[in-house]
Amino acid sequence: MPKPCLIVSTCGTSLLTNSVSPDLRTLLTDFANQSKPEDVPNEQRQRIQQHLEARREEFAQETDLKRLMDLSAELNGVIRFYRGNPGIVRDQHVLLATDTWLGESTARIVADVLERYGHLVEVKRVRDLRTDDPDSFRWAMSDLVAWCAETLGGYQKAGYRVVFNLTGGFKSVQGFMQALGMIYADESIYVFERTEQLLRLPRLPVQLDSEAILRQHLAVFRRIAAGLPVHEAEVADVPESLVNVLDGQAVFSPWGELVWQEAYRTVYGAELLEPITPKLVFGPRFRQTLDGLASDRLRHINERQDQLARRLEEGENYNPPSLDFKPLKGGDYKGSTRECDAWADADAKRLFGHYEDGVYVLDRLDKGLH
């Protein structure tokens, strides 16, 4: 029995711009990057809305697959993937839409067609994904990397075959997703230009040594991931492809985000890492209280100390629920005066510590006091 598929499709606006008059195509192009209808002047908005409703109604009633394929690049790839019979199986689909009014609207029309054939569909409007702002585009690509790392592996472990359908969408997004497909997808598909042939590219037998890269630049990567300031001079030895510098501060590039997402769980679960701020130190017996911890629990400890580092540098404005840094109600516990979460599930434990000469000392991992 063939594996079920998760098909991830990049979505553009071909569904709206194909087979329309030149002036309407120009209008759609001019307002392609507007986030919401209210961003478009009233007269132009009304014309675009009328066109949207007409296309939505046409696709809701259209049974001619050839017509659907001619109008929608996304459906062209999907229908050819199913060899002209999109109802033969019931798969799951994710449609990656731009962070725009027209991008989400067209993706939802594609979703309606796929749902009509029995597929389960999620429209994912990718935050900041637009083609008129390079900085926003880079942020969106980093978010896409994080989504791939967090989501696709789970589907593969559950027995799904992950397919990237890159027939539709904007070329800049397609190119990036093609590179991601070499790492996260089992197969990438395209409809070859000016032909009716489906081009299928299997996953290449290559592996990015993300762990080695991360370990080489660990302190910098940890501070970036924790949301702490990293100045341009501090990333002088980091490959330019892994970081971007905005207003003098370093952030992950999409490829840096990929390296981080691929490797940090392994690195964080291997050993207790040194603090990333001079405002945090380990007490003399702290390491002993971690003896025998499983790797997933050790990962939690390292994640929490990074959050704690940000709290100590930024002050009270940063205190997420997963950290919950606060004074002990009793005032003192075995020399400790404050606590924060280590992990909240199973045998939920806390990290206890105290301030000493302006530096926070982690004393022990122990059971919570409540």
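Residues numbered from 1 in each chain as written. Predicted model: local features only at pLDDT ≥ 70, side-chain atom pairs only at ≥ 80, totals over all residues. Heavy atoms only, no water.

*Asks:* Honestly, helix H12 (residues 295-314) in this entry has me stumped. Any pointers?
*Replies:* Residues spaced three or four apart along an α-helix point in a common direction, a consequence of the helix completing one turn every 3.6 residues. Its 20 residues give H12 an end-to-end C-alpha distance of 29 Å, which sits within 8% of 28 Å, the value for a rise of 1.5 Å per residue. For H12, the buried fraction is high: 15 of the 20 residues fall into the buried class. One or two steps after H12, the chain reaches Gly-315, where phi turns positive at roughly 90 degrees. (Helix = DSSP H or I, 4+ residues; strand = E, 2+ residues; numbered from the N terminus. Expected span 1.5 Å × (residues − 1). Buried < 20%, exposed > 50% of the residue type's maximum accessible area, 1.4 Å probe, protein only.)

*Asks:* It is not clear to me how the sheet that holds strand S4 (residues 161-165) should be interpreted in this structure. Could you clarify?
*Replies:* Across a sheet, paired strands are connected by hydrogen bonds in the backbone, their directions being either parallel or antiparallel. Spatially, the six strands line up as an open sheet ordered S3-S2-S1-S4-S5-S6, and their pairing is mixed. Two strands close off the open sheet at either side, each with one partner strand: strand S3 (120-125) and strand S6 (198-202). Shown here is a sheet whose adjacent strand axes are inclined to one another by a mean of 20 degrees, direction ignored. Relative to S4, strand S1 (residues 5-10) runs parallel, the two being bridged by five bridges. Within S4, the residue paired with Ile-7 across the bridge is Val-163. Lying over the sheet, helix H5 (residues 73-81) contacts S1, strand S2 (92-97), S4, strand S5 (187-191) and S6, oriented at roughly 115 degrees with respect to S5. Against the sheet, helix H7 (residues 134-157) contacts S1, S2, S3 and S4, and its axis sits at roughly 140 degrees relative to S4. (Pairing = 2+ DSSP bridges. Axes fitted to C-alpha atoms, helices over the stretch in contact; angles between N-to-C directions. Contact = heavy atoms within 4.5 Å.)

*Asks:* I tried to follow the nonpolar core on my own but got confused; where do I start?
*Replies:* It is characteristic of soluble globular proteins that their nonpolar side chains tend to be buried jointly. Residues Ile-48, Phe-59, Leu-75 and Leu-95 are the most contacted members of the largest nonpolar core, which totals 37 residues. When residues of this core are assigned to their parent elements, the largest contribution, eight residues, is made by helix H6 (residues 101-116). Other than its neighbours up to four places away in sequence, Leu-75 contacts Phe-59, Leu-68, Met-69, Val-110, Val-113 and Leu-114. Core analysis: the next-biggest nonpolar cluster, separate from the first, contains 26 residues, Leu-129, Met-141, Val-145 and Phe-176 among them. (Core = buried A, V, L, I, M, F, W, Y, C linked by side-chain atoms within 4.5 Å.)

*Asks:* How should the pattern of salt bridges be read in this particular structure?
*Replies:* It is possible for side chains bearing opposite charge to pair when their charged atoms get close. Scanning the entire structure with this criterion turns up 26 salt bridges. Asp-23 is paired through a salt bridge with Arg-47; the nearest N and O atoms lie 3.0 Å apart. Separated by 24 residues along the polypeptide, Asp-23 in helix H2 (residues 22-30) and Arg-47 in helix H3 (residues 42-61) bring together distant segments of the chain. Owing to a relative accessible area of 34%, Arg-47 belongs among the partly exposed residues under this scheme. Note that Lys-36 and Asp-39 form a salt bridge whose closest N and O atoms lie 3.3 Å from each other. Its relative accessible area of 43% is what places Lys-36 among the partly exposed residues. Residue classification places Asp-39 among the partly exposed residues on the basis of a relative accessible area of 32%. (Salt bridge = Lys/Arg side-chain N within 4 Å of Asp/Glu carboxyl O.)

*Asks:* Any chance you could explain the confidence of the model for the chain here in plain terms?
*Replies:* Note that predicted coordinates carrying low pLDDT should not be read in detail. Put simply, the chain has an average pLDDT of 91, and 98% of its residues get 70 or more. When mean pLDDT is compared element by element in the chain, strand S9 (residues 280-282) scores highest at 98, while helix H8 (residues 171-184) scores lowest at 86. (pLDDT = per-residue confidence, 0-100.)

*Asks:* I'm lost on the state of the cysteines in this one. Help?
*Replies:* Disulfide: a covalent bond connecting the sulfur atoms of a pair of cysteines. All told, the structure shown has zero disulfides when counted by the stated rule. With no disulfide of its own, Cys-5 lies 16 Å from the sulfur of Cys-148, the closest cysteine sulfur. Not part of a disulfide, Cys-148 finds its nearest cysteine sulfur in Cys-11, a span of 14 Å. The exposure class assigned to Cys-148 is buried, which follows from its relative accessible area of 0%. (Disulfide = S-S within 2.5 Å.)

*Asks:* How do you make sense of the environment of Ser-35 when you look at a structure like this?
*Replies:* Residue position: Ser-35 is located in the loop between H2 and H3. Sequence separation of Ser-35 and Asp-99 is 64 residues, and the distance between their C-alpha atoms is 6.3 Å. Discounting residues that sit within four places of it in the chain, Ser-35 has contacts with Asp-99, Thr-100, Trp-101, Arg-125 and Arg-130.

*Asks:* Where do I start with the sheet that holds S9 in this structure?
*Replies:* Pairing within the open sheet is mixed, and its five strands lie in the order S9-S13-S12-S11-S10. Of all strands in the sheet, those bounded by a partner on one side alone are S9 and strand S10 (326-327). Strand direction decides the pairing type here: strand S11 (residues 338-343) and strand S12 (residues 349-356), joined by five bridges, are antiparallel. In the strand pairing of S12, Glu-339 is matched with Phe-352. Packing against the sheet, H12 makes contact with S9, S11, S12 and strand S13 (359-367), and its axis sits at approximately 140 degrees to S11.

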